[in-house]
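Okay, here's what each chain looks like letter by letter:
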Amino acid sequence: MYYSLGDLFWLFLLILAAWYFWAGMAAKDRVRRIVKAHCADTGVQLLDDTVMLHRTRLKRDRSGQVRLQRQYEFEFTSTGERRYGGIAVLHGQRITQIQLSPFHLA
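Since the structure is predicted, the reported quantities are computational estimates derived from the model, not experimental observations.

Draft legend 1. Expanded view of the pattern of salt bridges. Throughout the structure, instances matching the rule amount to seven salt bridges. Linking Asp48 and Arg83 is a salt bridge whose minimum nitrogen-to-oxygen distance equals 3.4 Å. One end of the pair, Asp48, is in the loop between strand S1 (45–46) and strand S2 (52–60); the other, Arg83, is in the loop between strand S3 (66–77) and strand S4 (84–91), and 35 residues separate them in sequence. Arg83 gets classed as partly exposed once you look at its relative accessible area, which sits at 48%. Residues joined by salt bridges that share partners form a network here, namely Asp29, Arg32, Arg33, Lys36 and Asp49.

Draft legend 2. Representation of unusual backbone geometry within the structure. Of note in the backbone geometry, Asp48 takes a positive phi value of approximately 60 degrees without being a glycine. The residue Asp49 is not glycine, and still its phi comes out positive at about 50 degrees. Mapped onto the secondary structure, Asp49 falls in the loop between S1 and S2.

Draft legend 3. Region of interest: the environment of Leu105. Here Leu105 lies in the segment after strand S5 (94–100). Between the C-alpha atoms of Leu105 and Val44, which are 61 residues apart in sequence, the distance is 9.2 Å.

Draft legend 4. Local environment of the pairing of S2. One ladder, built from eight bridges, connects S2 with S3; its direction is antiparallel. Across the sheet, Leu58 pairs through a bridge with Leu68, a residue of S3. Counted between consecutive antiparallel strands, the loop separating S2 from S3 contains five residues, among which Gly64 sits at a positive phi close to 95 degrees.

Draft legend 5. Looking closely at the environment of Asp49. Residue Asp49 is classed as partly exposed on the basis of its relative accessible area of 35%. For the pair Asp49 and Phe74, spaced 25 residues apart in sequence, the C-alpha separation works out to 8.7 Å. Dropping the residues within four chain positions of it, Asp49 is found in contact with Arg32 and Lys36. One polar contact links Asp49 to Arg32, side chain to side chain, over a distance of 3.4 Å.

Draft legend 6. Region of the structure containing the pairing of S3. Direction of pairing for S1 relative to S3: antiparallel, over a ladder of two bridges. If you follow Leu46 over to S3, its bridge partner there is Phe76. As paired strands, S3 and S4 are joined by eight bridges and run antiparallel to one another. By the bridge assignment for S4, Arg70 is matched with Leu90. Between the antiparallel neighbours S3 and S4 lie six residues, among them Gly80 with a positive phi of about 90 degrees.

Conventions and cut-offs
Residues numbered from 1 in each chain as written. Predicted model: local features only at pLDDT ≥ 70, side-chain atom pairs only at ≥ 80, totals over all residues. Heavy atoms only, no water. Salt bridge = Lys/Arg side-chain N within 4 Å of Asp/Glu carboxyl O. Helix = DSSP H or I, 4+ residues; strand = E, 2+ residues; numbered from the N terminus. Buried < 20%, exposed > 50% of the residue type's maximum accessible area, 1.4 Å probe, protein only. Pairing = 2+ DSSP bridges. Contact = heavy atoms within 4.5 Å. Polar contact = N/O pair within 3.5 Å; in protein donor to acceptor, adjacent residues only side chain to side chain.

In structure tokens, the structure reads:
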């Protein structure tokens, strides 16, 4: 059985899309675990136990290699009354930033 160049192209695109989806799910789970631990260390509670992908782009890391940078948003609470926002940035396989918006202390 022979495949044409067009068939190989579509097969490559399908494999690339599957890889992107799988890698995105693994990255999201990793960020969720790290953000949950960071919130616990800070004394706040991660709401809904979830993070949401906000932006994906290509960006160079410190060594000059181009890697995917994913920015996730999440919500947390400090008193249980109000929701506050936060962001986490995953650059390649490393968390480069976790930022919590200003919040009230109990």
